[in-house]
Amino acid sequence: MKLCMIGTGYVGLVSGVCFADLGNDVICVDKDLSKINSLQKSIIPIYEPGLEELVRKNSKSGRLKFSTDLSTSIQKSDIIFICVGTPTKKNKYEADLSQVYSVANIISKNIKSFKIIINKSTVPVMTGDKLEKIISKKIKKNLFSVVSNPEFLREGEAIRDFIYPDRVLIGTSDKRSNRILKNLYSPLISKGAKYLNTSRRAAELIKYASNAFLATKITFINELANLSEKLDINIEDVSIGIGSDKRIGSRFLRAGPAYGGSCFPKDTRALVYTSKASKTNLSVIETVIKSNNKRSDLLLKRINSILNKKIKNKKITFLGVTFKANTDDMRESSSLKMIPYLNKRGAKIRYYDPTGKKSEFDKFKNVNYKPNIKEACVNSDLIIIHTEWNEFKLIDLKRIVKKRNFIVYDMRNIYSPEKMRKQNIKYFGVGR
Ligand code: UGA
């Protein structure tokens, strides 16, 4: 099939590349010329394991192309995927849909034969209805169909998540589109993915509800971790204990810093906005947002008490600063709150991240990037494991810190407290 992906962000690029790998002809379009020039040379703008190899392979085979020419790309394709950003409006909860609508206008000027227009961007319920309205101002309704097909990719695991999704969700009541899309996704369905056809509005809500539910699970376990700390209970036991109940499920029950990234914070806010606009109450999600916003303050308080309220002049090392492992993404990472706070109180911060230096910290005096774990940790008073990269899991801390009485604050619980105790390392985890 001939596919056009509009927007080469996470969702557009990963989906486009994976669809090409399944044998489709794919054009990935973006208005950013330098990005397209790089992609044409197989230079990837994001850190995503395995993506570069797939781009190279499928570009070489001729199935994957990159372009800035949106009109021609739309005309040449049967299925158009809208994969542009939907950030939160400044200082508001509402999603900014300007990019989605501007793309819809361009699509409406370039339809000459039947096209399926798929919204893969995360959009509020009824955005599909609005898109249909915009396009039908110029085009007869029998020449196009607007479908919702949300994506459930995780950064860092995106290719695996695309190839082995739990479900493929198609929101449409149009039988023809449903048949074509079931065929497009048939290689994934035959590997075990559940195929769900719902109304368009339901599909839009399922995307937000899924992210909000996962954010709730994390917030739930984070709050239980606070209680476990007080009662001398290991939160890991609690996660396993409740997660073993199949009705609950064991995933997304790892306690840690505030959840971050480009999705959970934005999507929970947008869902609350939708509920308010529909005059209903999503008090659970509102509470989750509040609790998560307070989480970094809580962990900072803990740092303060670990250091006996003496933050000034302390050498503090952050291992990992991105919002999670296997990504270079800093969006809404809790390190963006913690490092400036500690810096303001006179701490001397060094950080190491496997994805390199972060410009977000350039403006701070006494916040320095180090190119390896050793240089970041040597002579530190406090080592904070902020992100759960594999390369942090087997560090011989005693050997590299070379200082007596250093402290480890393991915000991801990647070390065994017993082993730390045996090595005489002063160790703190989360919820244990
Ligand atoms: C999330 C969803 O997991 C994807 O299904 C969805 O497609 C994506 O958003 C999106 O809407 O595009 P992502 O933001 O890449 O994916 O990252 P997650 O792996 O979900 O992690 C989000 C945050 O939760 C991170 O800060 C992570 O550290 C935290 N987390 C996750 C925990 O603190 N504990 C856990 O047990 C799991």
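None of these values were measured; they are calculated from a predicted model.

The rules behind these values
Residues numbered from 1 in each chain as written. Predicted model: local features only at pLDDT ≥ 70, side-chain atom pairs only at ≥ 80, totals over all residues. Heavy atoms only, no water. Helix = DSSP H or I, 4+ residues; strand = E, 2+ residues; numbered from the N terminus. Rg over C-alpha atoms; globule rule 2.2 N^0.38 Å. Buried < 20%, exposed > 50% of the residue type's maximum accessible area, 1.4 Å probe, protein only. Arc of directions from axis to C-beta. Near = heavy atom within 4 Å. Polar contact = N/O pair within 3.5 Å; in protein donor to acceptor, adjacent residues only side chain to side chain. Areas by Shrake-Rupley, 256 points an atom, 1.4 Å probe, with all protein chains shown as cover. Pairing = 2+ DSSP bridges. Right-handed = clockwise from strand over helix to strand, strands pointing away. Axes fitted to C-alpha atoms, helices over the stretch in contact; angles between N-to-C directions. Contact = heavy atoms within 4.5 Å.

Student: Would you mind going over the overall build of the protein with me for this structure?
Tutor: When its secondary structure is counted, the protein shows 17 helices and 14 strands. The C-alpha radius of gyration of the protein comes to 24 Å, within 12% of the 22 Å expected for a compact globule of 432 residues. The principal-axis extents of the C-alpha atoms in the protein amount to approximately 75 × 50 × 40 Å. The burial tally for the protein puts 51% of its 432 residues in the buried class.

Student: Looking at this structure, I do not really get helix α8 (residues 175-184). What am I missing?
Tutor: Helical periodicity: at 3.6 residues per turn, an α-helix aligns residues three or four positions apart in one direction. Turning to α8, its buried residues number three or more, namely S177, N178, L181 and L184. For α8, the buried positions fall inside an angular range of 120° around the axis, keeping them on one side. Exposed positions of α8 whose direction lies more than 90 degrees from the buried face are K175 and R179.

Student: What exactly am I supposed to notice about the site of the ligand here?
Tutor: Neighbouring the ligand are 19 residues, the closest being L153, E155, K207, N211 and C263. For the ligand, an oxygen atom lies 2.7 Å from a polar atom in the backbone of E155. The backbone of G260 places a nitrogen or oxygen atom 3.0 Å from an oxygen atom of the ligand. The protein chains hide 94% of the 710 Å² of surface that the ligand would expose on its own. Going through the elements one at a time, α10 (200-231) and α12 (264-277) are the ones with two or more residues in the shell around the ligand. Sort the elements by how many residues they give to the shell around the ligand and α10 lands first, with three residues.

Student: Help me out: how do you make sense of the pairing of strand β13 (residues 407-410) in this one?
Tutor: Note on strand geometry: in a regular strand, side chains alternate between the two faces of the sheet. Alternating residues of β13 divide into I407 and Y409 and V408 and D410, and every residue in both groups is buried. Where strand β12 (residues 382-385) lies against β13, four bridges are found, and the strand directions are parallel. From the neighbouring strand, I383 faces β13, where its bridge partner is V408. In terms of strand pairing, β13 meets strand β14 (residues 426-428) through three bridges, oriented parallel. The residue bridging V408 from the neighbouring strand is Y427, located in β14. In the classification by handedness, the crossover that spans β13, the intervening helix α17 (residues 417-422) and the parallel β14 is right-handed.

Student: Mind showing me how you'd approach unusual backbone geometry here?
Tutor: Glycine aside, the phi torsion of most residues is negative, and most peptide linkages are trans. The backbone phi angle of F252 is positive, close to 60°, even though this residue is not glycine. The backbone of N424 shows a phi angle near 60°, a positive value even though the residue is not glycine. Looking at the secondary structure, you find N424 in the loop between α17 and β14. Taking relative accessible area as the criterion, N424 reaches 66% and is therefore assigned exposed.

Student: What is the right way to look at the sheet that holds strand β10 (residues 348-352) in this model?
Tutor: Strand pairing in a sheet relies on backbone hydrogen bonds. The paired strands run either parallel or antiparallel. On the basis of which strands lie adjacent, the open sheet formed by six strands has the order β11-β10-β9-β12-β13-β14 and parallel pairing. Both outer strands of the open sheet, β11 (367-369) and β14, are each paired with one neighbouring strand and no more. Going across the sheet, the axis of each strand differs from the next one's by a mean of 20°, ignoring polarity. As paired elements, β10 and β11 share three bridges and run parallel to each other. Following the sheet pairing, Y351 is matched in β11 by Y369. Helix α13 (residues 283-306) contacts β12, β13 and β14 of the sheet and is inclined by roughly 165° relative to β13. The sheet contacts of helix α14 (residues 335-344) involve β9 (315-319), β10 and β11, and relative to β9 the element is tilted by about 170°.

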